[in-house]
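Tertiary structure, described
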Amino acid sequence: MNCSSKLSSMAKRRHLIPSFFFLLLIFLTVLGVIVPVFALLPSLHSHSQGLFRHHHDRSNFNKVHTRKFEIDDDMFWKDGKPFQIIGGDLHYFRTLPEYWEDRLLRAKALGLNTIQTYIPWNLHEPKPGNFTFNGIANIVSFIQLCQKLDFLVLLRPGPYICAEWDLGGFPAWLLSKIPASRLRSSDPGYLQWVERWWGVILPKVAPLLYNNGGPIIMVQIENEFGSYGDDQAYLHHLVALARGYLGDEIILYTTDGGTRETLEKGTIRGNAVFSAVDFSTGERPWPIFNLQKEFNPPGKSPPLTAEFYTGWLTHWGENIATTDANTTAAALNEILAGKGSAVLYMAHGGTNFGFYNGANTGNDVLDYKPDLTSYDYDAPIKESGDVDNAKYEAIRRVIQHYSGALIPSVPSNNEKIGYGPIQLQKVAFLFDLIHMMDPVDVAVSEEPLSMESTDRSFGFLLYTTEYVAKDNDDGHVLFIPEVHDRAQVFLSCSSKNKGVRPTSVGIIERWSNRRLNLPNTRCDSNTLSILVENMGRINYGRYLFDRKGILSSVYLDNNVLHGWKMIPLPFNNLNEIPRVDFFSQIAQSRLSKIIAKRGLEAKFGNISGEPTLYSGYFYVDEANLRKDTYLSFGGWTKGIAFINEFNLGRFWPVVGPQCNLYVPAPILRLGKNILVILELESPNRDTVVHSVDRPDFTCGSSKSNLSQQLLSHQHSVGL
């Protein structure tokens, strides 16, 4: 029977069975046969029209209609039942993918039902238009794993995230745009990049929203904006973007400090966005939750601290930060007892692998405070995943009391092993790598250029120039008004004695900004080489626009030096492929041969001060011995370390407090494992690194001021 005859027949029988058709529709709907095709599109501001060409048709998301997460009666509701968020931050980009499930299971045993994570833009778009979502950047796989383990997800896509992460998650290439963009603002030059980025990332996560069958129940807009600015147009623009890609059903939220001022600046009034708060663990939560209600519509303010601090961050030169387990647990108990919700920041901190650590400032831009490689945060789940500690046990007891569900048993700590001493050999001076660089990568300019202006974001940049200086009994004075962050200065003759190594003449740091005395070299012409290290961009506060390198003219005896070459050095970051694969050459002992052929074979001797590459190896003989370990850098000064070409991060034991670098087992191989380190100053006297089975945060002195630490170090090495 064709469609028209079927309808005619049904019309003839309508007077006999008037409710049949209606009952049939209900029956088919229950079976899921009839699927709504049309949905109301979100209303967008006029300036956002045309931005959503990547927008997915939400009718293709295979919605599960019984799934709904909402806010009403000052409570969260999951599928029609009250729900208390007991969550924790666990950042996929600070843990190797092979360990994601391990850390999530430990969070599950802690009693958590929700995972919160940021999305760092700079990890996923290291170069403009070059997007990566593989390996440690596979955000979709991480969220799917959360769902597999029965977690809900709070997603924080920024575009600014803070997180003690380089530049607060912004890609450094934003700093090279001309004219300069005003980050975190309604500046069109900045928003065009945000729109493109969210046009890539939000469609990726849209199928994972709770109403589409995924685990994401809430998506954050910006991050603690009330502590930074007061640009409501910017926040409303982000809301329009998010709604355009994610729809109207998902809960959008802001997070701001629990003060009237920060909430006034950072929240978005009305029904469109839920306002959450955060506050110090020692503060009384319920007066702040009552304040929170003023910034949400009536009945739409379930008490939620989106960052309940289980510990705190640590900068180089400080004592390792710790918080009391019982005090932390008691503060959490006060929130949960009143049926409030909390997200532990952090549940598991992890590691700032590579060059991704951020930095903070004090009262001015010179009070620069770079973060450690470790992001242990004194969290209940330690950097290596250990849970056998008082804080984990105390928090778990509190959550068990309020969770209303059976919490899984606590997993055992992962086994760690010390592989013993690793003997290293000097392989090459860092300056010898210059000859391996493609001349195309070398920038030339009359004035020094920033790292970002040379299309580099991380690591080191070598500045060189030549000058002729008249003999002066008192020597000469070098002054760099603005250098970010740490410059090692070297002199060599450019006209004779080609085989003589450059001489280290001192260090200029951002936080001391001292003038440096240069000796007479008695050369016809001098080569001045300045190696500048980017130690991490500022991630919070008003000095966020943090370019790296030499950012001013360079003065010798009050005269400006001109004619600079800027040479990038080929050290790969966490998710980058090195442009120059010198690691394999080191492993095959070929680099020394290259240097010898150039007539630059060095008499290494006991020279200190010139950055030097060292290499060694150790063996993992059996599969069951492929365990986590730590590298102890006692006796070394400062540098970076790689195992099997993986960038573990920075070591700086003379300043501390971090002595060891965490090495997750998945980095290791059965058989031979290659360790390469760059020592920037003075090596361990025995050129040995020890593989040990535990962390150590007792290095350096007890001073809490980095500049004092460094001045003390400089005096000790005679600088």
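As annotated in an unreviewed UniProt entry, the protein chain is Beta-galactosidase from Cucumis melo.

1. Points about the sheet that holds strand β29 (residues 629–632)
Taken together, the 4 strands give an open sheet; going across it, the order is β14-β34-β29-β32, and neighbouring strands pair in antiparallel fashion. Each of the sheet's edge strands pairs with one partner strand only, and the pair in question is β14 (420–423) and β32 (660–663). Taken over all neighbouring pairs, the strand axes of this sheet differ in orientation by 30 degrees on average, direction set aside. In this sheet, strand β34 (residues 688–692) lies alongside β29 in antiparallel orientation, the contact comprising 3 bridges. Across the sheet, the residue bridging to Leu631 is Ser691, located in β34.

2. Points about the state of the cysteines
For the structure shown, the criterion picks out 2 disulfides. Here Cys493 connects covalently by a disulfide to Cys523, the sulfurs 1.6 Å from one another. A residue pair is termed long-range when its members are at least 10 positions apart, and Cys493 in strand β20 (residues 486–493) and Cys523 in the loop between β22 (516–518) and β23 (526–533) qualify at 30 residues. What pairs with Cys659 in a disulfide is Cys699, and their sulfur atoms sit 2.0 Å apart. Taking the torsion about the S-S bond as the criterion, the Cys659 to Cys699 disulfide, at about 135 degrees, is right-handed.

3. Considering the side chain of Asp546
Turning to its location among the elements, Asp546 is positioned in the loop between β23 and β24 (549–550). Among the polar contacts made by the side chain of Asp546, one reaches the main-chain amide nitrogen of Ile538 at a distance of 3.0 Å. Excluding anything up to four places from it in sequence, Asp546 contacts Leu167, Leu175, Tyr368, Glu452, His484, Arg510, Gly536, Arg537 and Ile538.

4. Remarks on the packing of aromatic side chains
As enumerated under the stated definition, the model contains 43 aromatic pairs in all. With a centroid separation of 4.0 Å and an interplanar angle of 5 degrees, the aromatic rings of Phe633 and Phe651 are classed as stacked. Of the two residues, Phe633 is situated in the loop between β29 and β30 (639–643) and Phe651 in strand β31 (residues 646–651); the sequence distance between them amounts to 18 residues. Across the pair, exposure class does not vary: Phe633 and Phe651 are buried alike.

Procedures and definitions
Residues numbered from 1 in each chain as written. Predicted model: local features only at pLDDT ≥ 70, side-chain atom pairs only at ≥ 80, totals over all residues. Heavy atoms only, no water. Pairing = 2+ DSSP bridges. Helix = DSSP H or I, 4+ residues; strand = E, 2+ residues; numbered from the N terminus. Axes fitted to C-alpha atoms, helices over the stretch in contact; angles between N-to-C directions. Disulfide = S-S within 2.5 Å. Polar contact = N/O pair within 3.5 Å; in protein donor to acceptor, adjacent residues only side chain to side chain. Contact = heavy atoms within 4.5 Å. Phe/Tyr/Trp six-rings, centres within 6.5 Å; stacked < 30°, edge-to-face > 60°. Buried < 20%, exposed > 50% of the residue type's maximum accessible area, 1.4 Å probe, protein only.

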